[in-house]
Amino acid sequence: MASPPYDVVTRDEAARLAQGNPLSFLHVGRSDIDLSPDVDPHDPRVYATARSNLDRLMRDGVLVHDARPAFYLYQLTMHGRSQLGVVGCVHIDDYAADVIRKHEKTRKDKEDDRTRHVLTLNANAEPVFLTFRDDPRLAQRLAQGTRGPALYDFMAPDGVRHQVWEASDTAPWVEAFATVPHAYVADGHHRCASAWRAGEEIRAQHGEPGAEGEYAWFLAVLFPASQLRILPYHRVVRDLNRLSPEQFLERLGEVGWVEPVADPEPPGPGSFGWYLNGRWYRLTLDRATIPSNDPIRSLDAVLLEERILGPILGIGDIRTDNRVDFVGGIRGTPELQRRVDSGEMALAVALYPVTVEQLMAVSDAGQIMPPKTTWFEPKLRSGLFVHSLDEPVQSPPSRLPSPVL
């Protein structure tokens, strides 16, 4: 039943993954796969089908509603490296008050889609991915919580191992999280915003601004920052802005030190791998020119825009300019080389990954990262946890987080 999140697969990819498997949670997260391909993804039938499929999974006993609240520990292991987080519910007011901090702008159309999804299902179908600065008490509790047998333990088709343990004694976890001042959205900005909007809409129906109910909480997995792995988001460019490869490299040399290399991976921040004309080059910026005290302008993605993409290649807003495209780090530099060698693109840029500390510094400053800056791996699996909004809240003594109902 467990499936990739709704937003990392296209409709066609989701349809192939769920083919012949009526239990796949993609029938809930990407219910458009159960309708004709010509049906608009925002057609009312899409949301109604998602609700029908969720009801079927519950009616058939595939999904079982827990009789008591609990936290869960969720561990993902990829290539021998593990990350262990706490599954619980966080509050919409903490999201609004920036206790849960963001680093990305959201698009209204995507917010509208997931808000409607939550309201139609009357449930959070997928958790958001949050992080927090490491805390010794929580580290100790996490280590202790995995000593018993796992509730779930399976290997996904992509080779990632997923393990889940129940933590039915919730009070120590609530007490430990009471000392955590902030959580940070790592992945799932649109799901966060949609959960907040859906909760506020239901709250307004109650007629009281501060009304409480299970709708005021949404599903999240919270991981210690030190355990997370961010992969880079690379760029590819369709043309050289009327420059020859030699002219472009000459202009690049005015920005920093350029040299041909065999290894395309940038060795650290302030360096970039460039692929054009069948060869890899490395650009290294002078560290003295990087404003290290500015959490935004010190990011490699911003340095790339301000010093090369704009002034040399004539690319304006990378959100709207179709001359630039993005390649998630999980695909690696071979994908960059393939897209240039195929003739589709003229140039590829390999970036060094953003650190979790940089992400939190941007969020703490109330700033927004450039689009397509972070790629988290491994991805959470959908279908393991669903949070219903129609149960009474259990009045937890703390907000970050509450046990899952």
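An account of the accompanying structure is given in this report. Counting starts from 1 at the beginning of each chain's written sequence and moves along it residue by residue. The predicted nature of this model means local features are confined to residues of pLDDT at least 70 and side-chain atom pairs, given and counted, to a pLDDT of 80 or more, with totals for whole chains, interfaces and linings taken over all residues. Water and hydrogen atoms were dropped before computing side-chain values, which therefore reflect all heavy atoms in the structure.

Okay, the overall build of the protein chain next. Numbered from the N terminus, helices here are DSSP runs of H or I no shorter than four residues, and strands are runs of E no shorter than two. Broken down by element type, the protein chain carries twelve helices and 18 strands. The atom set for the radius of gyration is the C-alpha atoms, and the globule formula is 2.2 Å times the number of residues raised to the power 0.38. Over its C-alpha atoms the protein chain spans a radius of gyration of 23 Å, differing by no more than 12% from the 22 Å that the globule rule assigns to 405 residues. Considering only contacts in the protein chain between residues 6 or more positions apart, those separated by 24 or more positions represent 76%. Note on areas: Shrake-Rupley with a 1.4 Å probe; residue coverage comes only from the protein chains shown. By element, 49% of the accessible surface of the protein chain is carried by carbon and sulfur atoms, the whole surface being about 18,000 Å². Throughout, a residue-residue contact means that at least one pair of heavy atoms, one from each residue, lies within 4.5 Å.

Strand pairing requires that DSSP identify at least two bridges connecting the strands. One open sheet accounts for eight strands, arranged β3-β8-β5-β9-β2-β1-β7-β6; its pairing is mixed. In this open sheet, the two edge strands, each paired with only one partner strand, are β3 (100-101) and β6 (152-155). Strand direction decides the pairing type here: strand β1 (residues 71-78) and strand β7 (residues 161-167), joined by seven bridges, are antiparallel. Paired with F71 across the two strands is A167, which belongs to β7.

Counted as a void, the second largest pocket has a volume near 610 Å³. Here a cavity denotes grid points, spaced 1 Å and computed from the protein atoms alone, that fit a 1.4 Å probe unable to get out, and a pocket denotes an open set having protein on both sides within 12 Å along at least 5 of 7 lines; residues with an atom within 4 Å of a point are the lining. Contributing to the lining of the second largest pocket are 28 residues, with L63, V64, H65, D66 and V386 lying nearest its centre. Here the lining of the second largest pocket takes four residues from helix α3 (residues 44-59), the largest share from any one element. The nonpolar class holds Ala, Val, Leu, Ile, Met, Phe, Trp, Tyr, Cys and Pro. Asp, Glu, Lys and Arg form the charged class, and all remaining residues, Gly among them, are polar. Considering only residue class, the lining of the second largest pocket consists of 17 nonpolar, five polar and six charged. Grid points are joined across faces, edges and corners, and a volume is the space filled by probe spheres set on the points.

A separate point is the packing of aromatic side chains. Here a Phe, Tyr or Trp ring, Trp counted by its six-membered ring, pairs with any other such ring whose centre lies within 6.5 Å, and the pair is stacked when the planes are under 30 degrees apart, edge-to-face when over 60, and tilted otherwise. Taken as a whole and judged by the stated rule, the model has ten aromatic pairs. Ring plane angle 70° and centroid distance 5.4 Å describe the contact between F132 and F177, whose orientation is recorded as edge-to-face. On the criterion of sequence distance, the pair formed by F132 in strand β5 (residues 128-132) and F177 in helix α7 (residues 171-177) is long-range, its members being 45 residues apart. Each member of the pair F132 and F177 is classed as buried. With a centroid separation of 5.0 Å and 45° between ring planes, the pair formed by Y275 and W280 is classed as tilted. Grouping residues by exposure puts Y275 and W280 together as buried. Among the aromatic residues, those joined into a cluster by ring pairs are Y72, Y74 and F385. The positively charged end of R141 is found above the aromatic ring belonging to W173, 5.1 Å away from the centroid. Its end group placed over the ring of W375, K379 keeps NZ or CZ at 4.6 Å from the ring centre. Each residue is placed in one exposure class: buried if its accessible area under a 1.4 Å probe, protein chains only, is under 20% of its type's maximum, exposed if it is over 50%, and partly exposed if it falls in between. Each ring is checked for a lysine NZ or an arginine CZ that lies within 6 Å of its centre and within 35 degrees of its normal; such an atom marks a charge sitting over the ring.

For the rest of this paragraph, the subject is α3. Take the residue count of a helix, subtract one, and multiply by 1.5 Å to get its expected span. Under the 1.5 Å per step criterion, the end-to-end length of α3 is 22 Å for 16 residues, consistent within 8% with the ideal 22 Å. Buried within α3 are the following residues: V46, Y47, T49, A50, N53, L54 and L57. Projected onto a plane normal to the axis of α3, the buried residues spread over an arc of 160° and lie on a single side. Pointing more than 90 degrees away from the buried face of α3 are the exposed residues P44 and R59. Turning to α3, the residues buried within the fold contact α2 (26-29), α5 (108-121) and β4 (123-124). Phi for G61, located one or two positions after α3, is positive at around 80°. In this description, the arc belongs to the directions extending from the helix axis to the C-beta atoms.

Attention shifts here to the pairing of strand β9 (residues 217-224). Across the eight residues of β9, eight count as buried, placing the element largely inside the fold. Residue alternation in β9 divides its side chains into two sets, W217, L219, V221 and F223 and F218, A220, L222 and P224, and both sets are buried. By the bridge criterion, six bridges tie strand β2 (residues 81-91) to β9 in an arrangement that is antiparallel. By the bridge assignment, G88 is partnered in β9 with A220. Sheet analysis places β5 next to β9, joined by five bridges and oriented parallel. Of the residues in β9, the one forming a bridge with V128 is A220.

If you check which residues of helix α9 (residues 245-253) are buried, you get F248, L249 and L252. Angularly, the buried residues of α9 cover 95° about the axis, an arc narrow enough to put them on a single face. For α9, the exposed residues lying more than 90 degrees away from the buried face are E246 and E250.

Another point: the nonpolar core. I100, L130, W173, F177, F218 and L222 are the most contacted members of the largest nonpolar core, which has 36 residues in total. Considering every element that reaches this core, the biggest residue donor is helix α8 (residues 189-206), with five residues. Nonpolar cores were defined as sets of buried Ala, Val, Leu, Ile, Met, Phe, Trp, Tyr and Cys residues, with membership established by side-chain atoms within 4.5 Å. Formed by 30 residues, the second largest nonpolar core is a distinct cluster that contains Y74, A186, V221 and I296.

Structurally, P353 can be placed in the loop between β16 (347-350) and α12 (356-364). Spatially, the C-alpha atoms of P353 and W375 are 8.6 Å apart, while their sequence positions differ by 22 residues. If we ignore the near neighbours within four places in the chain, the residues touching P353 are I230, L231, P232 and Q358.

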